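Working through the structure, step by step
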2 protein chains.
Amino acid sequence: MNATVMSALAEPNRLQMVELLRGHPLTVGEIARQLQIRQPQASKHLRVLSEAGIVESKVDANRRIYSLCPAPFRELDDWLENYRVLWEDRLNRLDDYLQTLEKKLPAEQQD
Amino acid sequence: MNATVMSALAEPNRLQMVELLRGHPLTVGEIARQLQIRQPQASKHLRVLSEAGIVESKVDANRRIYSLCPAPFRELDDWLENYRVLWEDRLNRLDDYLQTLEKKLPAEQQD
DNA sequence: CAGGAATATTCCTGTAAAGGAATATTTATA
DNA sequence: TATAAATATTCCTTTACAGGAATATTCCTG
């Protein structure tokens, strides 16, 4: 997994931007307005998102329309695949059981 | 989605720790050794992971055994659910198609 | 073509966080 | 009980980054 993507999403405003763009592409000004931040900050955050490959922009005359790129989300999903075993798999419970057992044994098995 | 989790995973060493712990629980010393970092730094990073709820520790006498907590990964997975449409769904192509159409129309539909 | 709108960029400042070194704390062990 | 091992914590320094303000740039419109 790419730490850059995580880093880009670690900033609350940027995370909000992503959630905002989930609906549909948006203009810088519109993003700034909805997030209640100033335009320069919005541009800067969008730059970070863009450099992380999370977002791309399309020029529309005066405006830039930003939209989400699928790739990093797919990668995140692929990465998470390796961790699904943590909550989906039954082996967890077995593991927990064995560890609990280990804790108990020394006291019960005092021969 | 929680920016704190993202923030915790944004640091390369911590991301590596998580990937390391995916295999099985580990000791602080063992983690430090495998990541080739000093013990105090390992402890500090584990603290951050712990406070983000990504990791938990079990006391074993002299040692602390760290293991992954399922919750944040599940939450991440749930969050991603909303974005799967970005690459899985056919609506994307429809959306692209409509936008392409919009671009073309002004020229073709000159009535 | 002048003015204004939309956006990006630069400079400055404050703050958070990472790493290093030293040390405190707990526990096993000789 | 003194010592060593494993870990956490503290203090210090450096660096990265976020926000503010100002400004440059591009493009539309009257």
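Residues numbered from 1 in each chain as written. Chains lettered and ligands numbered in written order. Predicted model: local features only at pLDDT ≥ 70, side-chain atom pairs only at ≥ 80, totals over all residues. Heavy atoms only, no water.

**Things to note about the overall build of chain A**
Looking only at helices and strands, chain A has seven helices and three strands in total. Along the chain direction, N to C, the helices and strands of chain A fall in the order α-α-β-α-α-β-β-α-α-α. Taken over 111 residues, chain A has a buried fraction of 34%. Partitioning the intrachain contacts of chain A with sequence separation of at least 6 by distance along the chain shows that 48% fall at a separation of at least 24. (Helix = DSSP H or I, 4+ residues; strand = E, 2+ residues; numbered from the N terminus. Buried < 20%, exposed > 50% of the residue type's maximum accessible area, 1.4 Å probe, protein only. Contact = heavy atoms within 4.5 Å.)

**Comments concerning the pattern of salt bridges**
Where side chains of opposite charge bring their charged atoms close, a pairing between them can arise. If you walk through the whole model with that rule in mind, you get 10 salt bridges over all chains. Residue A:Glu81 is joined to A:Arg84 by a salt bridge in which the shortest nitrogen-to-oxygen separation is 2.1 Å. By relative accessible area, A:Arg84 is classed as buried at 9%. Because the salt bridges share partners, they merge into one network encompassing A:Asp77, A:Glu81, A:Arg84, B:Asp77, B:Glu81 and B:Arg84. (Salt bridge = Lys/Arg side-chain N within 4 Å of Asp/Glu carboxyl O.)

**A word on the protein's contact with DNA strand D**
Neighbouring DNA strand D are 22 residues, the closest being A:His45, B:Thr27, B:Gln39, B:Ser43 and B:Tyr66. Among all atoms of DNA strand D positioned within 4 Å of the protein, those belonging to sugar or phosphate total 58%. Between DNA strand D and the protein, one listed contact pairs a phosphate oxygen with a backbone N or O atom of B:Val28 at 3.3 Å. Take B:Arg47: an N or O atom from its side chain is 3.2 Å from a phosphate oxygen of DNA strand D. Secondary structure elements with two or more residues in the surface near DNA strand D: helix H2 (12–21) and helix H4 (39–51) of chain A together with helix H3 (28–35), helix H4 (39–51) and strand E3 (63–68) of chain B. Among the elements that make up the surface near DNA strand D, the one with the highest residue count is H4(B) (five residues). Tallied by class, the residues present in the surface near DNA strand D amount to five nonpolar, nine polar and eight charged. (Near = heavy atom within 4 Å. Polar contact = N/O pair within 3.5 Å; in protein donor to acceptor, adjacent residues only side chain to side chain. Nonpolar A, V, L, I, M, F, W, Y, C, P; charged D, E, K, R; others polar.)

**As for the protein's contact with DNA strand C**
Lining the immediate surroundings of DNA strand C are 22 residues, of which A:Gln39, A:Ser43, A:Tyr66, B:Lys44 and B:His45 lie closest. Take B:Asn13: an N or O atom from its side chain is 2.9 Å from a phosphate oxygen of DNA strand C. Residue assignment for the surface near DNA strand C shows that the elements contributing at least two residues are helix H3 (28–35), H4 and strand E3 (63–68) of chain A together with helix H2 (12–21) and H4 of chain B. Here the surface near DNA strand C takes five residues from H4(A), the largest share from any one element.

**Concerning the nonpolar core**
Among the nonpolar cores identified, the biggest contains 62 residues, and A:Ile54, A:Phe73, A:Trp79, B:Ile54, B:Phe73 and B:Trp79 are the most heavily contacted of them. Not counting chain neighbours up to four residues away, the residues in contact with B:Trp79 comprise A:Leu9, A:Leu15, A:Val18, A:Glu19, A:Phe73, A:Leu76, B:Met1 and B:Met6. (Core = buried A, V, L, I, M, F, W, Y, C linked by side-chain atoms within 4.5 Å.)

**Things to note about the relation of the copies chain B and chain A**
Turning one copy of the chain about an axis and sliding it along that axis gives the other copy, so a rotation and a shift relate them. Each copy of the sequence occupies a distinct position, and chain B is placed on chain A by a rotation of 180° and an axial shift of 0.0 Å, giving an RMSD of 0.0 Å. One copy is carried onto the other by what is essentially a two-fold rotation axis. Judged by C-alpha distance, B:Met6 is the residue of chain B that lies nearest the rotation axis, at 2.7 Å. The residues that chain B uses at the interface reappear at the interface of chain A in 97% of cases, marking a shared surface. (Least-squares fit on C-alpha atoms with pLDDT ≥ 70 in both.)

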